[in-house]
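Structural overview for review
One-letter residues, chain by chain:
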Amino acid sequence: MSKKLLSVVVIVSLLVALLAACAGGNNNGNAGNSGGSEPATTNSGNNGGGENASGGNSEDLTSKYGDTGGLKLPLVDEPTEITWMLVSEEPANDKWIAKEIEERTGIKVNFETYSSNVFGEKLRVTIASGKLPDIFHGLKPAELKKLGKEGAVVAINEYLDILPNFRKLYVEENPWVIASYGDEDGNIYTWPIYDMNRAVNHGFMYRKDIFDKHGIKPWTNTEEFYEALKKLKELYPDSYPYASKTKELIFRDWAYGWGIGGANYPAYYDEKEGIWKFAAIQPEHKDMLDFMKKLYNEGLMDPEFLTDTPDSWTAKMTNGTSFVTWDWIGRMELFYNQVKDQNPEYDLRYAYPIGPTGNIRTLPKIDANWSIAVANNENKEAALKLLDYLTSPSGGSMMTLGEEGEIFHFDENGKPVYPELEGQPVDIKVLEQKYGLWLEGAYLRPDHRSVYFNLTEREQEAQDMIIEANKFEPLDPILNFTDEENERIAELQVALEKAANEFNAKYVLDPSYGDEEWEAWVQSAEDLGINEYIEIYNTAQKRYDAALQKQ
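Residues numbered from 1 in each chain as written. Predicted model: local features only at pLDDT ≥ 70, side-chain atom pairs only at ≥ 80, totals over all residues. Heavy atoms only, no water.

Quick word on the confidence of the model for the protein chain
With 89% of its residues at a pLDDT of 70 or more, the protein chain shows a mean pLDDT of 90. Confidence drops under a pLDDT of 50 for residues 1–57, and excluding neighbours within four residues, the segment shows 80 contacts in the predicted structure. (pLDDT = per-residue confidence, 0-100. Contact = heavy atoms within 4.5 Å.)

In structure tokens form, the structure reads like this:
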């Protein structure tokens, strides 16, 4: 090639590079698209502005770390430091997670960690000082709204163009999130956690070893449940087949099977009628009490079911006094490990719910009650984008699983193995202490391959049973109450719950209680303010519906 031709080629190449650079520079400030799926590419440094990170001198790390949800790594185009106040029993800045966050995002996080027993007090002092850390958690959503209106924390919805994961999960796919947790102007100040819950966490359980020994089939409905308890009573006359440790909460725990349960119990949302009701005066509640009364009168329910302590209940469930209960699914392994040396055949298993609906509680996939917030300062865009990255599958894996090939590998069963922790049980606290994983207030989208979701055979059986049968009560709407409404609900609920629990106990335990006493209770409950209590819920429901219609 001649020197003249070579010179022409070089000049053309430089012009092409220059034009490309100029085109890339036009993305600054509004690269994202809040109305579509185009990835956001704006990156900020300490001043909240800056170029696209992939267009600067930094290496584009996006493809190296999996699905970022549309964010480009690193998140900033110049070194950035932020502070993050959260709960941990020991420092985290020297842990693997702090170094990994900086390597991936370009953001150095100074974790301000406090133990759980002093965190609340430290947070209050920090808030009062007016010197907020860039990211923090621990306030209630209502408290964050006040700070937001004062301009102290960021309205996250105003930055959707640079937050593709937040936009997708909490605006496009779940528009109710802002209606439930935002203020009257549609501003939201709290960053939710996504997909934290397992499908099944609580429910009825039975002694499979005892059932198998006597040829008793596990129940599939309420009548079969009753017949199984009767058979156990015949075989073990001195026993009380059903035992409970939750005291008066048994009425709440069983309520889902009768279609009157909910996270706001004793208030619940009737999906068929589209209104809120008070559970303890509904006909379904009376049916549930009548069934409990039947069990109690026939000696099928432990007479101390309203007073048993965890210790006394444990003794009954492990020494052969009782065989059926309701509790957290982890209890199946705890009880087995407690008695396996004396009774290696002990086998507590999950069972189907009882009641006309035969359903259990649905656990929410989105939880904003952690109230993770971002201070309204010069680091806000960097902090917001870090939270958005941690909400992506890539960031969620980093915070709860680690980096494959660096601190762990998967075994032949797809379970994570941490070579440095070989020989010791590995749970999320161990991972927090060793690597800084699972820091409370910093995991926003847990990876379900993590050890937290390593279910035992018994626990997996519980998930499979309920998921395959689809035995879940619908989630009630999450309402957005005013401060005045919250105060009034709290005032009314104390008296209403106390009266309801007293009546429930008398109705089940007193042989003389029946239809006449039920009618008298319903009337007295109305006099205690039930109508006002439920009207607050239905008024908030109308606002909730209107907010969704606006979106």
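Examining the side chain of Asn-379
Here Asn-379 shows up in the loop between β10 (366–374) and α13 (380–391). Within the local environment of Asn-379, its side chain forms a polar contact with the backbone oxygen of Glu-81, the two atoms lying 3.2 Å apart. (Helix = DSSP H or I, 4+ residues; strand = E, 2+ residues; numbered from the N terminus. Polar contact = N/O pair within 3.5 Å; in protein donor to acceptor, adjacent residues only side chain to side chain.)

Section: unusual backbone geometry
Look at the link from Leu-73 to Pro-74: it is a cis peptide, with omega at -5°. Following the sequence through the fold, Pro-74 ends up in the loop between α1 (3–25) and β1 (80–87). With an omega of 15°, the peptide bond running from Tyr-265 to Pro-266 counts as cis. Inspection of the secondary structure puts Pro-266 in the loop between α9 (250–255) and β6 (267–270). One non-glycine residue with positive phi stands out, namely Asp-195, at about 60°. The residue Asn-470 is not glycine, and still its phi comes out positive at about 55°. Within the secondary structure, Asn-470 sits in the loop between α16 (457–469) and α17 (483–509).

Regarding the packing of α13 against helix α14 (residues 393–400)
Two numbers describe how α13 lies on α14: the axes approach to 4 Å, and their chain directions differ by 85°. In terms of axis orientation, α13 runs roughly perpendicular to α14. The segment α13 lies against α14, with Tyr-389, Leu-390 and Thr-391 engaging Pro-393, Ser-394, Gly-395, Gly-396, Met-398 and Met-399. Its residues placed into classes, the contact of α13 with α14 shows five nonpolar, four polar and no charged. (Axes fitted to C-alpha atoms, helices over the stretch in contact; angles between N-to-C directions. Parallel < 35°, antiparallel > 145°, perpendicular 65-115°, else oblique. Nonpolar A, V, L, I, M, F, W, Y, C, P; charged D, E, K, R; others polar.)

Quick word on the packing of helix α2 (residues 96–105) against α14
For the pair α2 and α14, the least separation of the axes is 10 Å and the interaxial angle reads 155°. Relative to α14, α2 is oriented roughly antiparallel. Judged by the twist between their axes, the crossing of α2 over α14 is right-handed. Contact residues: α2 offers Trp-96, Ile-97, Glu-100, Ile-101 and Arg-104, while α14 offers Ser-394, Met-398 and Met-399. Across the contact of α2 with α14, the residue classes break down as five nonpolar, one polar and two charged. (Left-handed = near helix turned anticlockwise from the far one by under 90°.)

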